[in-house]
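Geometric and topological summary
As a plain string of letters, each chain reads:
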Amino acid sequence: MDYYKYLNRYFVYPLYYWKNKDKRLSRLSLLEKQQYLSKKELQDLQLSQAQDIIKYAYDHTEYYRSLLDSLGLKPEDIKTLKDLEKIPPLTKQDIQYHGDTMISDEYRKEDLIKDSSGGSTGEPTIFYKSLQYHQMRPADQLRHDQWSGWKLGDRIGLIWGAQRDLKAAQSIKEFILSRYIARIWELDAFEMSPEKMRDYVKTLEKIKPSMILGYANALVQFTEFLLKECPDHKIRPKGIISSAETLTSAKRERIESAFKCQVYNRYGSREVGLIASECEHQKGLHINADNLLVEVTKNGKGVEVGECGDILITDFHNKS
């Protein structure tokens, strides 16, 4: 019986982040309430936050002040969400060429957290986050993780492949944070040999994770191994979250047949974090709408409902 999860949920996890002045749990409390807002209430919240971040960008960054001035725009000209179409979409090339002029004058570059895109569509793009933003963003994931049946303090199995995300093995501090605070057991998705997967089976059967999070294709590969080599396995999470790759209906059904639980689809990116995720009803993905504005566009203009296009994301909170 995993009694430590209760100690972690009500004492260890809150105390650790309170001590480090990390407000993710207070942010989570707010997000849990906001997830029940009506569509109109969410749109009003989005507009207010969009207006705030545009005014902030105009007042505190050289890039956006020059851009809006060149367009003859002022922040107060953005009166509706559709008015955002007046501002050209930001490209990775813009960030690569003008990144330093996008940093707020309220922050010093050397005090910010440096990150980069995965580089899957070309050269990785460098961007920066403030510590406050970095601490706030995990609350989005905690809210959506709970939809899988997982609760704070429960163990998590992580089948992931980005080495910068598998940090637990790099230092004792990171290992303690990952294993005993976040309660994550990392299983490398780039090491999926039969021998490694047998070890993964033993680990997951021992820790009995409430949730497994992984790449869609790595989950499928592990599923095929289980069905062929370990059909009587005892891995029974409450839910599995698939991310980073396309989850087809066939992949979902195959994974569910091996683990006997629901598989939840998730969409996100390194630049803005969690974008959309399924709940237990699985009637589509819930957009992380109180933190991001998600638009489907062609040439920067919104498309009709049901029409395909490019996805544009506006992050309301990364002021740095």
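The rules we used
- Positions within a chain are numbered from 1, following the residues in the order the chain's sequence is written.
- Whole-chain, interface and lining totals are the exception, using all residues; otherwise, since this is a predicted model, local features are given only for residues with pLDDT of at least 70 and side-chain atom pairs are given and counted only at 80 or more.
- Note that the side-chain values use all heavy atoms of the structure and ignore hydrogens as well as water.
- Strands are runs of DSSP state E lasting at least two residues, helices are runs of H or I lasting at least four, and both sets are numbered from the N terminus onward.
- Each radius of gyration is computed over the set of C-alpha atoms, and the globule rule expresses the reference value as 2.2 Å times the number of residues to the power 0.38.
- We call a residue buried when its accessible area falls under 20% of the maximum for its residue type, exposed when it is over 50%, and partly exposed in between, using a 1.4 Å probe and counting protein chains only.
- The contact criterion used throughout is that any non-hydrogen atoms of two residues lie within 4.5 Å.
- For the accessible areas, the method is Shrake-Rupley and the probe is 1.4 Å, while residue cover comes only from the protein chains on display.
- Charged residues are defined here as Lys and Arg on the positive side and Asp and Glu on the negative side; His and the ends of the chain fall outside this count.
- Charge placement uses NZ in Lys and CZ in Arg. For Asp and Glu, CG and CD serve respectively.
- Only C-alpha atoms enter the line fits that serve as axes; for helices the fit covers just the stretch in contact. Angles between N-to-C directions range over 0 to 180 degrees.
- Here the word oblique covers every angle except those under 35 degrees (roughly parallel), over 145 (roughly antiparallel) and from 65 to 115 (roughly perpendicular).
- Residues are grouped as follows: nonpolar covers Ala, Val, Leu, Ile, Met, Phe, Trp, Tyr, Cys and Pro; charged covers Asp, Glu, Lys and Arg; every other residue, Gly included, is treated as polar.
- Working definition: rings of Phe, Tyr and Trp (its six-membered ring) pair if their centres are within 6.5 Å, and the pair is stacked with planes under 30 degrees apart, edge-to-face with planes over 60 apart, and tilted otherwise.
- Should the near helix be turned counterclockwise from the far one by less than a right angle, the crossing is left-handed, whereas a clockwise turn marks it as right-handed.
- In what follows, salt bridge is the name for a side-chain nitrogen of Lys or Arg lying within 4 Å of a carboxyl oxygen of Asp or Glu.
- Only when DSSP finds a minimum of two bridges between them are two strands counted as paired.

Looking only at helices and strands, the protein chain has eleven helices and twelve strands in total. Relative to its length of 320 residues, the protein chain is compact, with a C-alpha radius of gyration of 21 Å against a globular reference of 20 Å. If you line up the protein chain on its principal axes, its C-alpha atoms span 65 × 45 × 40 Å. For the protein chain, with 320 residues in total, the buried portion stands at 45%. Restricting the contact set of the protein chain to residue pairs at least 6 apart, pairs at least 24 apart contribute 63%. Carbon together with sulfur atoms contributes 54% to the accessible area of the protein chain, which is approximately 17,800 Å² in total. Here the protein chain contributes 49 positive and 47 negative side-chain charges, whose respective centroids are spaced 6 Å apart.

Turning our attention to unusual backbone geometry. Despite not being glycine, K208 shows a phi value in the positive range, around 50 degrees. Mapping K208 onto the fold places it in the loop between α9 (194-207) and β5 (211-215). Positive phi is not limited to glycine here, since A244 has a value of about 75 degrees. For A244, the location among the structural elements is in the loop between β6 (239-243) and α11 (249-259). We classify A244 as exposed; its relative accessible area is 54%.

This paragraph deals with the packing of α9 against helix α10 (residues 216-229). For any two helices packed against each other, the geometry comes down to the angle between their axes and how far apart the axes lie. Running from amino to carboxyl end, α9 crosses α10 at an angle of 85 degrees, the nearest separation of the two axes being 11 Å. Classified by the interaxial angle, the pair formed by α9 and α10 is roughly perpendicular. Only Q221, F222, F225, L226 and E229 of α10 make contact with α9, whose side of the interface consists of P194, M197, R198, Y200, V201 and L204. Residues belonging to the contact of α9 with α10 are distributed by class as follows: eight nonpolar, one polar and two charged.

Within the structure shown, the criterion is met by seven aromatic pairs. With centroids separated by 4.7 Å and ring planes inclined at 55 degrees, the aromatic side chains of Y13 and Y17 adopt a geometry described as tilted. Taken together, the residues span about one helical turn, with Y13 and Y17 both in helix α1 (residues 4-19) at a distance of four residues. Pairing F222 with F259 gives two aromatic rings, centres 6.2 Å apart and planes at 45 degrees, and the pair type is tilted. Taken together, the residues F222 in helix α10 and F259 in helix α11 connect sequence positions 37 residues apart. Classification of F222 by relative accessible area gives buried; the value is 0%.

Viewed as axis vectors pointing N to C, α10 and α11 meet at an angle of 45 degrees, and their least axial separation amounts to 9 Å. One element, α10, and the other, α11, form an angle in the oblique class. Here α10 and α11 pass one another in a crossing that is left-handed. Residues A216, N217, L219, V220, F222, T223, E224, L226 and L227 of α10 form the contact with α11, whose participating residues are K251, R254, I255, S257, A258 and F259.

Relative to the assigned elements, I287 resides in strand β9 (residues 286-287). With a relative accessible area of 42%, I287 lands in the partly exposed category. Between the alpha carbons of I287 and Q49 there is a distance of 16 Å; along the sequence they are 238 residues apart. Excluding residues within four positions of it along the chain, I287 makes contact with I275, A276 and V294.

With that settled, the discussion passes to the pattern of salt bridges. Per the counting criterion, the structure on display carries 22 salt bridges. R24 serves as the salt-bridge partner of D22, at 2.9 Å between the closest nitrogen and oxygen. Residue classification places R24 among the buried residues on the basis of a relative accessible area of 12%. Residues D69 and K74 are paired through a salt bridge, measuring 3.5 Å at the closest nitrogen-oxygen approach. Each of the salt bridges in this network shares a partner with another, and the network as a whole consists of D2, R155 and R183.

In a beta sheet, neighbouring strands pair by backbone hydrogen bonds and run either parallel or antiparallel. Here we have three strands laid out as an open sheet, ordered β11-β10-β12, and antiparallel in their pairing. Looking along the sheet, the strands with just one partner apiece sit at the ends: β11 (301-302) and β12 (310-315). Judged from the six bridges that link them, strand β10 (residues 292-298) and β12 form a sheet pairing that is antiparallel. For V294, the partnering residue across the bridge sits in β12 and is I313.

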